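As a plain string of letters, each chain reads:
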Amino acid sequence: MAKLPFLERTAADARGDLTSSKQHNGRITAASAPDLSGAFSSDGPLSAQRIVISVDAMGGDRGPAAVLDGVALAARGNPTLHFIVHGREAELAPLVAARNLADRVSLRHAEDVVTMHDKPSAVMRTGKGTSMWSTIEAVRDKEALVAVSCGNTGALMALSMLRLRKMPGVNRPAIASFWPSKNPSGYNVMLDMGADVRADAHDLLTYGLMGAAYARNALGVKTPRVGLLNVGTEEHKGNAELKAAHELLTQAAQNGDYAFAGFVEGNDLPGTRVDVIVTDGFTGNVALKTGEGTAKFAGELMREAFTSGIMAKLGALFAMRALNRLKAKIDPRRANGGVFLGLNGTVVKSHGGADATGVAAAIELAARLAGLGFVDRLAARLALASASGQDAPPEQAGDETQK
């Protein structure tokens with residue numbers, strides 16, 4: 001049996017992804033876990049240790065000022081956070097000074113920037129002098145525990161795979177994101193959201209194992225319910241890969257410490273039936289963009305309705321408190337951050353257009369996962385499944401498993 005990291009020493013211990021019952025006691029305790037924009041309190045789980053985060057300051061649509069605003073917001077909420085910020089030093093130094101971050105931030109000069117239009121293959125060949133490359137390199141060299149970037153998703157995944165390499169047992173890494181739901185935490189976990197458009201049955205099994213581990217650590221769900229996205233809930237529906245994945249996920253449920261709920265449909269994404277939705281990157285990314293577009297459209301319709309006349313505006317005034325609560329609940333900035341799962345290091349992808357609140361939320365999610373030792377826990381979970389013959393053969397990962 002593979003040697004497991006100290007956090008999960010035995011098969012029985014592997015069921016304890018939660019650091020303590022006091023910090024993570026099931027769904028109710030973790031109800032506000034994804035809403036990280038309010039920052040951690042000084043007596044929270046991260047207060048006993050120094051968390052160093054590597055931040056790409058140049059990749060966002062709003063420029064480095066918005067990224068540094070997010071760094072400042074996160075730093076104010078948690079004194080244990082320290083940052084290595086990558087980018088053009090001449091631009092960043094005044095921004096750091098203006099925000100009084102000199103004692104919390106180390107600047108790492110990188111002259112070049114990966115744009116949203118750059119092809120991942122080109123970045124892998126010529127991107128060594130970019131802020132994104134430098135950001136990932138700090139995690140690889142163990143100077144930082146986690147990397148955060150608002151930059152080009154494809155390039156970020158390509159560089160992360162190139163420099164950090166895949167965990168043993170992982171054929172295709174995945175991007176996991178929070179999906180607003182009616183569950184007590186307010187969110188479900190969905191993956192893959194676009195790291196790879198393909199996924200075979202073993203990949204979907206690995207996504208289920210990784211998604212369950214992520215839900216335990218990020219949402220505090222003790223025994224996550226995992227569902228496999230399909231065109232129907234009946235077991236005879238779906239293609240051959242989905243049926244094979246259904247069987248594998250059923251077999252691995254006990255070792256993976258999750259409850260397999262079977263097939264789920266699109267209308268289950270915001271529901272309470274599952275905590276983790278597993279799908280391929282093509283379907284996941286289409287669902288994500290569809291959800292974002294629908295939410296934006298509904299918001300515009302609501303705005304038009306409440307400003308259509310005097311009586312409508314009066315009604316909006318009376319409903320203002322409820323509307324503000326609704327706005328805060330569905331505010332995408334407060335759950336900003338897609339996590340790259342299956343790599344030998346934690347990378348959080350912030351939305352390219354994130355403002356200070358969104359960047360801070362991504363940083364604080366990264367800090368939470370780093371403080372919990374999430375990479376070691378995930379590696380242990382995958383090693384346990386692989387040793388039990390329930391995951392993809394290690395040889396599928398090839399040389400990618402070696403640094």
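Predicted model, so just to flag it, every value in this text is computed and none were measured. (Residues numbered from 1 in each chain as written. Predicted model: local features only at pLDDT ≥ 70, side-chain atom pairs only at ≥ 80, totals over all residues. Heavy atoms only, no water.)

Chemist: How do you make sense of the pattern of salt bridges when you look at a structure like this?
Modeler: A side chain of one charge can pair with a side chain of the opposite charge if their charged atoms are brought near each other. In this structure the tally under the stated criterion is twelve salt bridges. With a closest N to O distance of 3.2 Å, arginine 108 and glutamate 143 form a salt bridge. With arginine 108 in strand E3 (residues 105–109) and glutamate 143 in the loop between helix H5 (131–140) and strand E4 (146–149), the pair connects residues that are 35 residues apart, well separated along the chain. Classification of glutamate 143 by relative accessible area gives partly exposed; the value is 36%. For arginine 198, the salt bridge is made with aspartate 196, and the minimal N-O distance between the two is 3.6 Å. Classification of arginine 198 as exposed rests on a relative accessible area of 51%. Judged by its relative accessible area of 18%, aspartate 196 falls in the buried class. Sharing partners across several salt bridges, the network here consists of Arg172, Asp196, Arg198 and Asp203. (Salt bridge = Lys/Arg side-chain N within 4 Å of Asp/Glu carboxyl O. Helix = DSSP H or I, 4+ residues; strand = E, 2+ residues; numbered from the N terminus. Buried < 20%, exposed > 50% of the residue type's maximum accessible area, 1.4 Å probe, protein only.)

Chemist: Got a minute to help me understand the packing of helix H2 (residues 64–77) against helix H12 (residues 356–371) in this structure?
Modeler: Axes are the key here: two packed helices are described by the angle between their axes and the distance separating the axes. For the pair H2 and H12, the least separation of the axes is 7 Å and the interaxial angle reads 55°. Relative to H12, the element H2 is oriented oblique. Regarding H2 and H12, the two cross each other, and that crossing is right-handed. Of the residues in H12, those touching H2 at Ala66, Val67, Asp69, Gly70, Val71, Leu73 and Ala74 are Ala356, Thr357, Val359, Ala360, Ile363 and Glu364. (Axes fitted to C-alpha atoms, helices over the stretch in contact; angles between N-to-C directions. Parallel < 35°, antiparallel > 145°, perpendicular 65-115°, else oblique. Left-handed = near helix turned anticlockwise from the far one by under 90°. Contact = heavy atoms within 4.5 Å.)

Chemist: Honestly, the sheet that holds strand E7 (residues 225–229) in this entry has me stumped. Any pointers?
Modeler: Here we have eleven strands laid out as an open sheet, ordered E3-E2-E1-E4-E11-E10-E5-E6-E9-E7-E8, and mixed in their pairing. Strands with a single pairing partner mark the edges of an open sheet, and in this sheet they are E3 and strand E8 (259–264). Averaged over all neighbouring strand pairs, the angle between strand axes comes to 25°, with direction disregarded. Sheet topology note: the strand E1 (residues 51–56)/strand E2 (residues 81–87) ladder contains six bridges and is parallel. Its bridge partner being in E2, valine 52 is matched across the sheet by histidine 82. Docked against the sheet, H2 engages E1, E2 and E3, running at close to 170° with respect to E2. (Pairing = 2+ DSSP bridges.)

Chemist: Just checking my understanding: could you explain unusual backbone geometry for this structure?
Modeler: Negative phi characterises most residues that are not glycine, and trans characterises most peptide bonds. Between leucine 191 and aspartate 192 the backbone carries a cis peptide bond, its omega angle lying at 5°. Along the polypeptide, aspartate 192 turns up in the loop between strand E6 (187–191) and helix H7 (201–219). The backbone of lysine 142 sits at a positive phi, close to 65°, despite the residue not being glycine. You can call lysine 142 exposed: its relative accessible area is 66%.

Chemist: What am I meant to see in the packing of aromatic side chains here?
Modeler: To describe a pair of aromatic rings, one takes the distance between the centres and the angle between the planes. Counted under the stated rule, the structure contains three aromatic pairs. Taking 5.6 Å as the distance between ring centres and 50° as the angle between the ring planes, the aromatic pair formed by phenylalanine 178 and tyrosine 187 counts as tilted. For the pair phenylalanine 178 and tyrosine 187, one class covers both residues: buried. Aromatic side chains tyrosine 214 and phenylalanine 374 sit 6.0 Å apart centroid to centroid with 55° between the ring planes, which places their arrangement in the tilted category. Of this pair, tyrosine 214 sits in helix H7 while phenylalanine 374 sits in helix H13 (residues 374–387); the two residues are 160 residues apart in sequence, bridging distant segments of the chain. Residues tyrosine 214 and phenylalanine 374 agree in their burial class; the two are buried. Put simply, the rings of Phe178, Tyr187, Tyr214 and Phe374 pair up and form one aromatic cluster. (Phe/Tyr/Trp six-rings, centres within 6.5 Å; stacked < 30°, edge-to-face > 60°.)

Chemist: For this particular structure, what's the right way to read the pairing of E6?
Modeler: Side chains on a regular strand alternate between the two faces of the sheet. Of all five residues in E6, five are buried; the element is thus mostly enclosed. Because side chains alternate across E6, one face comprises the buried residues Tyr187, Val189 and Leu191, and the other comprises Asn188 and Met190, equally buried. Across four bridges, the pairing between strand E5 (residues 174–180) and E6 is antiparallel. Considered in E6, the bridge of tryptophan 179 is made with asparagine 188. Counted between consecutive antiparallel strands, the loop separating E5 from E6 contains six residues, among which glycine 186 sits at a positive phi close to 90°. Here three bridges tie E6 to strand E9 (residues 276–278), and the two strands are oriented parallel to one another. Each residue of the ladder has a partner; that of methionine 190, found in E9, is isoleucine 277.

Chemist: Can you walk me through the pairing of E4 in this structure?
Modeler: The two faces of E4 match: Val146 and Val148 on one face and Ala147 and Ser149 on the other face are all buried. Bridging between E1 and E4 involves four bridges; their strand directions are parallel. Residue pairing for E4: valine 55 is matched across the bridge by valine 148. Pairing of E4 with strand E11 (residues 346–349) involves four bridges; the strand directions are parallel. Among the inter-strand pairings, serine 149 is bridged to a residue of E11, identified as lysine 349.

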